[in-house]
Amino acid sequence: MEYYTPEEMKTKTNAIKKGFAAQASVRPLPLKGKCVDIFCRSLKNKDSKILDFGTGSGGFLKELSSIGYTQLYGCDIGNFMAGDIRSVLNDFRVFDGNSENFPWKSGSFDAVTAWEVFEHLENPHHAMREIWRILKPGGQLFVSMPNVFHIVSRLVFLKRGLFPKWNETNNHISVFPHGIFEKTFLRYFDLKEEGYAHAAIALPGLHRISRCLPENKWFGTWVYYVLKKLEQPHKQ
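Residues numbered from 1 in each chain as written. Predicted model: local features only at pLDDT ≥ 70, side-chain atom pairs only at ≥ 80, totals over all residues. Heavy atoms only, no water.

**Some remarks on the overall build of the protein**
Scanning the protein for helices and strands turns up seven helices and seven strands. Its helices and strands taken in sequence order, the protein reads α-α-α-β-α-β-β-β-α-β-α-α-β-β from the N to the C terminus. For the protein, whose C-alpha radius of gyration is 17 Å, the value lies close to the compact-globule estimate of 18 Å for 236 residues. Structurally, the protein occupies a C-alpha span of about 50 × 45 × 35 Å along its principal axes. A buried classification covers 48% of the 236 residues belonging to the protein. When contacts within the protein are restricted to residue pairs at least 6 apart in sequence, long-range pairs at least 24 apart make up 69% of them. Here the protein has roughly 11,800 Å² of accessible surface; of this, 53% comes from carbon and sulfur atoms. In the protein, which carries 31 positive and 24 negative side-chain charges, the distance between the mean positions of the two groups comes to 3 Å. (Helix = DSSP H or I, 4+ residues; strand = E, 2+ residues; numbered from the N terminus. Rg over C-alpha atoms; globule rule 2.2 N^0.38 Å. Buried < 20%, exposed > 50% of the residue type's maximum accessible area, 1.4 Å probe, protein only. Contact = heavy atoms within 4.5 Å. Areas by Shrake-Rupley, 256 points an atom, 1.4 Å probe, with all protein chains shown as cover. Lys, Arg positive; Asp, Glu negative; His and termini not counted. Charge placed at Lys NZ, Arg CZ, Asp CG, Glu CD.)

Dropping the structure here:
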């Protein structure tokens, strides 16, 4: 999708909703569906209170509802959900996670998911700290983003000085190499799991070998993290 500032997004709800609908017709779930397995492995209690930050079209929450999770909440900068999603949610809120405090009390949720969200945020660090606040003690944060460590990403950066998943034609603006991830996310969370999804090489003549590649940092399209809330942030 095209890049919009937060203020522009508030005025382009219909255009963005159409973009999400078009994306959902091709890829209805983040990480090509692997997000559901990652989540269910770590949070088996289906009465857990779950917030999906950056709900988008709502496909992930719809899938959780279909397999028995009942305490489902969503939020985004606008309402971009498909028409049949709202009925499965306990609540949905519209606000700007870049700058506004999340509209829930501290310690409200057992888990927060943010699938392919943080790369879109102008102030991801504020959002991350707010997520830490609204999670219950020991609560979990599930995050995914494009894999900046991919071999193609590294080679293109060496040649052109840019990361292809953060180029001028898309809406990705925040990037988290190891140093930044460690001094921000890992100040507030313990890392429980790190993994990679959908091995692929999106280069002419090479995409056919993708099915033979391992899902690791060299070839995975996305990186994901399962994080556990620390009782208190680490002091620097």
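**Points about the layout of surface pockets**
The computed volume of the largest pocket comes to approximately 990 Å³. In terms of lining residues, the largest pocket is bounded by 46 residues, among which Phe20, Gln23, Glu116, His120 and Asn171 are the most central. For the lining of the largest pocket, the elements supplying multiple residues, two or more each, are helix 1 (6–11), helix 2 (13–26), strand 1 (49–53), helix 4 (59–66), strand 2 (71–76) and strand 7 (220–229). Considering each element in turn, the lining of the largest pocket owes the most residues, four residues, to helix 2. Looking at the lining of the largest pocket residue by residue, the class counts come to 22 nonpolar, 15 polar and nine charged. Approximately 250 Å³ is the volume attributed to the second largest pocket. In terms of lining residues, the second largest pocket is bounded by 14 residues, among which His150, Val152, Lys165, Ala202 and Thr221 are the most central. (1 Å grid on protein atoms, 1.4 Å probe; cavity = no way out; pocket = protein on both sides within 12 Å on 5 of 7 lines; lining within 4 Å. Points joined across faces, edges and corners; volume = space filled by probe spheres on them. Nonpolar A, V, L, I, M, F, W, Y, C, P; charged D, E, K, R; others polar.)

**Some details on the packing of aromatic side chains**
Under the criterion given, the structure shown has 20 aromatic pairs. Ring centres of phenylalanine 157 and phenylalanine 163 lie 4.6 Å apart, and the angle between their planes is 15 degrees; this geometry places the pair in the stacked category. On the accessibility criterion, phenylalanine 163 (23% relative accessible area) is partly exposed. Both rings, one in phenylalanine 176 and one in phenylalanine 185, keep their centres 5.5 Å apart while their planes meet at 75 degrees; by these two values the pair is edge-to-face. By the burial criterion, phenylalanine 176 is buried, and phenylalanine 185 matches it. Here the aromatic residues Phe53, Tyr73, Phe95, Phe102, Trp104, Phe109, Phe118, Phe176, Phe181, Phe185 and Tyr225 are joined through ring pairs into a cluster of three or more. Note that lysine 49 overlies the ring of phenylalanine 109, its terminal NZ or CZ placed 5.2 Å from the centroid. A cation over an aromatic ring shows up here: lysine 229 above the ring of tryptophan 132, its NZ or CZ 4.8 Å from the ring centre. (Phe/Tyr/Trp six-rings, centres within 6.5 Å; stacked < 30°, edge-to-face > 60°. Lys NZ or Arg CZ within 6 Å of the ring centre and 35° of its normal.)

**Topic: the pattern of salt bridges**
Per the counting criterion, the structure on display carries nine salt bridges. Linking glutamate 215 and lysine 34 is a salt bridge whose minimum nitrogen-to-oxygen distance equals 2.9 Å. Linking glutamate 215 in the loop between strand 6 (189–199) and strand 7 with lysine 34 in helix 3 (residues 34–42), this pair joins segments that are 181 residues apart in sequence. Looking at glutamate 215, the relative accessible area reads 42%, which means it is partly exposed. Overall, lysine 34 belongs to the partly exposed group, its relative accessible area being 24%. Across the pair arginine 41 and glutamate 193 runs a salt bridge, and its minimum N-O distance is 2.5 Å. (Salt bridge = Lys/Arg side-chain N within 4 Å of Asp/Glu carboxyl O.)

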